[in-house]
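Summary of structural features
Single-letter residue listing:
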Amino acid sequence: MKEETQQMSKSLNFVIFNLVVPNQDVSDKLIVHTLIFINHVPRTEDHYSFWLRYYTGIFNIEHYFDLRITHQKDLSTTCNFIYRRINIRLRKVIDPESDRADVRGFHVSKSGRKGMLVEWTDDGSATLHLSCWQKISKAAKNEIPEIKLSDKEQELVKEAKKTAEFHDSEAHFQSEAVRIAEMLKNANYCIGFTGAGISTAAGIGDFRGIHGKWTNNDKTKDYGSKSASSGPGKQNQRGYRLPTYTHEAICKLLDMGIMKYLISQNTDGIHRLSGIPAQKISELHGNGFEEKCEKCETRRMRNTNTKSAAQKQKVPPRKCERCKINHRTGNMCQNPGCGGYMMNTIINFGDYLEGPVLRSAEDNAEKADLVLCLGTTLRVTPASDLVAMGKKPNRLIICNRQTTPYDDYCTETDKEGKLLGSRMYGDCDRLMKLVMRIILGEDATKTWEDDRDQRVATYDLSRM
């Protein structure tokens, strides 16, 4: 059998890799390789078992499946059966540079997952090639009769679709980064719009991601505590969160004048820590490190989060009529003759956005001829309404992991058929590293990146 294997491998390698699928990726070639080998051996159960064990070993695949039911059927049926099972279930190793989907359903016991096509984890998570996820999604709606999912797996897929996260291929990132850099350089009035997704790289959880706060709340409520997941955490050794590459890139673009203004939904204070001055940013939902006087409205930045100060407050609490939360931080206004109580600037559910902050955001949004949206699903109003308030036609660049209500804006074209915007799925840091290299050039980018240690020293002083 070993000699037969070597002879067949030698004679078929040229055909497989140069004629059969010359333009497909390696994993597709291996699938075809498997199919041809299996169907060139005598069609007996023993031979099928041997070849399947042989190839699953080569491909580093944990499972091989039983063909006793199908090995006596016609060749095309067998090939289709094998292809489906290998393509959907057994292609586990995903190239980090290929496009993929990260999804999360809910907890199903290990015995309950037996026989499912997708390799779900205990908390209902899975990572698949994008094409495989698209097939599985259609199969869950019975749109692909050849792929049969159990009722429980159909339920898993439907739940996972609600928060699915996507990552474009490296090739797509490389090509779009060139377009995006040109769009940024050529814009007359570009503004930025950011959400929680740019701070996940700093170790701060988001809200609507597959491991986000609201997602976890929903999973626990609907499916029990075993469906909860904290996701991949990031250890915090400083006592505060450092600006990410994206935070620093935005600050750099503002310094260069390429970006004119920033609107953010984040309350983590990292944008201001990165060096963005107050006059160039609207923090729509407040800043956890900024407080203001109830009486004279004087604002000041603190080196610690205002929530930690509130726990030690020595002033009488005052429950907000709208959000029912006490905003007082425990500090008194330092302005002579004022004596007002300081309050945090966080906008909770039920609170109104601050008038001056919102008006500044609207003024700049109306001037915009390009909006760079990073790390946001654009689902929180009235904040999300701002991205389509600018010059017409709207030109949006959106980079995050999930779909948004504004995705169609990115694929609109001008009279010449050229795309007005860009839609990227994936991590913001990944995109901004490519964009900054194009805008700054390799040498200047390296110098700027090497200065990170100096910037971190400045951040440390601001948070001491």
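Residues numbered from 1 in each chain as written. Predicted model: local features only at pLDDT ≥ 70, side-chain atom pairs only at ≥ 80, totals over all residues. Heavy atoms only, no water.

**Brief notes about the UniProt feature "active site" (unreviewed entry) in the protein**
If you check UniProt for "active site" (unreviewed entry), the listed places come out as His 285 in our numbering. By secondary structure assignment, the location of His 285 is in the loop between strand 6 (281-283) and strand 7 (290-293). For His 285, the side chain forms a polar contact with the main-chain oxygen of Gln 265, separated by 3.1 Å. (UniProt positions renumbered as here; feature names shortened; annotations may be inferred. Helix = DSSP H or I, 4+ residues; strand = E, 2+ residues; numbered from the N terminus. Polar contact = N/O pair within 3.5 Å; in protein donor to acceptor, adjacent residues only side chain to side chain.)

**Considerations on the sheet that holds strand 3 (residues 165-167)**
Here we have 3 strands laid out as an open sheet, ordered 2-1-3, and antiparallel in their pairing. Two strands lie at the open edges of the sheet, namely strand 2 (125-129) and strand 3, each paired on one side alone. Neighbour-to-neighbour, the strand axes of this sheet turn through a mean angle of 15 degrees, independent of strand direction. As paired elements, strand 1 (residues 100-104) and strand 3 share 3 bridges and run antiparallel to each other. Of the residues in strand 3, the one forming a bridge with Arg 100 is His 167. (Pairing = 2+ DSSP bridges. Axes fitted to C-alpha atoms, helices over the stretch in contact; angles between N-to-C directions.)

**Quick look at the packing of aromatic side chains**
Taken as a whole, this structure holds 3 aromatic pairs when the rule is applied. Plain terms: the ring middles of Tyr 245 and Trp 448 are 5.4 Å apart, the flat faces sit at 80 degrees to each other, and that makes the pair edge-to-face. Taken together, the residues Tyr 245 in helix 9 (residues 245-256) and Trp 448 in helix 15 (residues 442-450) connect sequence positions 203 residues apart. Residues Tyr 406 and Tyr 409 carry aromatic rings whose centres are separated by 5.4 Å and whose planes lie at 45 degrees to one another, so their mutual orientation is tilted. Residue Tyr 406 is classed as buried on the basis of its relative accessible area, which comes to 12%. (Phe/Tyr/Trp six-rings, centres within 6.5 Å; stacked < 30°, edge-to-face > 60°. Buried < 20%, exposed > 50% of the residue type's maximum accessible area, 1.4 Å probe, protein only.)

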